[in-house]
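Spelled out from the first residue to the last, the chains are:
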Amino acid sequence: MAVLSVVLPAYNEEQNIANTAQVLSALLEKQGIAYELVFISDGSTDQTYAEIRKAAAANPHIKGAQFSRNFGKEAGIFAGLELTTGDAVVVMDCDLQHPPETILAMWEKWNAGAEVVEGIKSDRGKESLGYKLSAGLFYKIMSRLIKMDMSASSDFKLLDRKVVDVLLSLPERNTFFRALTFWAGFRTETVEYEVRERQFGKSKWSLWSLIKYAIANATSFSTLPLQLVTVFGVISIFGSIILFIQTLVRYFMGNSVEGFTTVILLILIIGGFIMLSLGIIGHYIARVYEEVKGRPKYIISQVTDNVAGNVTGSWKR
Ligand code: UDP
Ligand code: MG
């Protein structure tokens, strides 16, 4: 019998764990689906991991792990994938903003042969206008950069074991789960869902963390910003040809002393371009540096007793 694994990254979600575990297990048991729930506490500083252990002790289908510190949701997702044993894996938020019933629709599509089932937001729920606009802009740019339509995609998706194994075998450290499933390909189907409101606690994303997330993801999937540097160069060369001719003409006409304003402007513009370009290149070098160091995406400090096999860098408790 096929087993469905559900990966739930959780960062300071102590109020959500017990409820989510209960809702999901009741739903899947009612449908007669063999399942396991994998909670990853992303270095939570509250009782999240204690709650996970409690849930795991009460229900053998539930297991989990705690990170040694906060590594971010991407790391949480990948650690969750590593701990799963099911034939199909659903990744979802543990605050139940992704409606649990949608899992059943995904499971059906998987049974019918789909290898990736993308959850597509039918609306963005109750988000502020500013957030909607910036998220919309981000996905426009991202879709352009990676040449795939991501406008309504989310981290809520079902993956076949094959796809999970492909993702786990990627050596890269800076992953962007949402786009990697598009990149991986496979037989993809979609399921629409409506984003619910968060029941307990509050969103873990600040504006700053979203901006960092956007830049990191855009650069991890595209080298277009690097090519921008070339564009800057071409623009400056054109500008300099024009000014070169103008300067020579002035020189031969004998009035070359003026043009101090031009000099200041040129220094400012070119200086700006050079610094911006260096910044862009520097950002990519930083990414290369991070990849080359080859540090793990996450460090697991504890796993629940029912986690079988060797989990790198983990200590049972
Ligand atoms: N999350 C995580 N690590 C983090 C931030 C968030 O594992 O550093 C988890 C969080 O517990 C939740 C999911 O990622 O299960 C989505 O986060 P949140 O609900 O705060 O984001 P939003 O729904 O507002 O986009
Ligand atoms: Mg949420």
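Cut-offs used in this document
- Residues numbered from 1 in each chain as written.
- Chains lettered and ligands numbered in written order.
- Predicted model: local features only at pLDDT ≥ 70, side-chain atom pairs only at ≥ 80, totals over all residues.
- Heavy atoms only, no water.
- Patch = residues over 30% accessible without salt bridge, like charges linked within 9 Å, V, L, I, M, F, W, Y side chains within 5 Å.
- Areas by Shrake-Rupley, 256 points an atom, 1.4 Å probe, with all protein chains shown as cover.
- Salt bridge = Lys/Arg side-chain N within 4 Å of Asp/Glu carboxyl O.
- Helix = DSSP H or I, 4+ residues; strand = E, 2+ residues; numbered from the N terminus.
- Buried < 20%, exposed > 50% of the residue type's maximum accessible area, 1.4 Å probe, protein only.
- Contact = heavy atoms within 4.5 Å.
- Donors = N, O, S within 2.8 Å, 3.2 Å for Na, K, Ca; no water.
- Phe/Tyr/Trp six-rings, centres within 6.5 Å; stacked < 30°, edge-to-face > 60°.
- Near = heavy atom within 4 Å.
- Polar contact = N/O pair within 3.5 Å; in protein donor to acceptor, adjacent residues only side chain to side chain.
- Nonpolar A, V, L, I, M, F, W, Y, C, P; charged D, E, K, R; others polar.
- pLDDT = per-residue confidence, 0-100.

On to a nonpolar patch on the surface, then. There is a patch of nonpolar side chains on the surface, built from Phe260, Val263, Ile264, Leu265, Leu266, Ile267, Leu268, Ile269, Ile270, Ile274 and Leu278 and spanning about 1100 Å² of accessible area. As for its position among the elements, Ile267 is in helix 10 (residues 260-293). Among the residues examined, Ile267 registers a relative accessible area of 58% and is labelled exposed.

Mapped onto the secondary structure, Glu115 falls in the loop between helix 4 (101-111) and strand 5 (116-123). Not counting residues within four places of it along the chain, the set of residues in contact with Glu115 comprises Leu158, Leu159, Asp160, Lys162, Val163, Phe186 and Arg187.

In a perfect tetrahedron of four donors around a metal, the angles come out at 109.5 degrees. In a perfect octahedron of six, they are 90 or 180 degrees. Coordination of the magnesium ion (ligand 2) by the protein is provided by Asp95 (OD) and Gln97 (OE1), with metal-donor distances spanning 1.8 to 2.0 Å. For Asp95, a relative accessible area of 4% translates into the label buried.

This next bit is on the packing of aromatic side chains. Within the structure shown, the criterion is met by seven aromatic pairs. On the numbers, 5.2 Å between centres and 5 degrees between planes, the contact of Phe67 with Tyr298 is stacked. Here the residue Phe67 occupies a position in strand 3 (residues 62-67), and Tyr298 occupies one in the loop between helix 10 and strand 8 (300-303), the gap between them amounting to 231 residues. The residues Phe67 and Tyr298 share a single accessibility class, namely buried. Look at Phe232 and Phe273: their rings are 4.8 Å apart centre to centre, the planes differ by 15 degrees, and that puts the pair in the stacked class. With Phe232 in helix 9 (residues 224-253) and Phe273 in helix 10, this residue pair connects regions lying 41 residues apart in the sequence. These aromatic residues form a ring-pair network of at least three members: Phe67, Phe71 and Tyr298.

It is worth spelling out the site of ligand 1 at this point. Neighbouring residues of ligand 1: 16 residues in total, closest Glu13, Asp95, Gln97, Ser203 and Lys204. The separation between an oxygen atom of ligand 1 and a polar main-chain atom of Pro9 is 2.8 Å. At a separation of 2.6 Å, an oxygen atom of ligand 1 approaches a polar side-chain atom of Gln97. If ligand 1 stood free it would expose 530 Å²; the protein chains cover 88% of that surface. Split into classes, the residues belonging to the shell around ligand 1 amount to five nonpolar, four polar and seven charged.

Let us look at the confidence of the model for the chain. For the chain, per-residue confidence averages 83 on the pLDDT scale, and residues scoring 70 or more make up 91% of the total. Summarising per-element confidence for the chain, the mean pLDDT is lowest in helix 5 (residues 129-146) (71) and highest in strand 4 (residues 88-91) (95).

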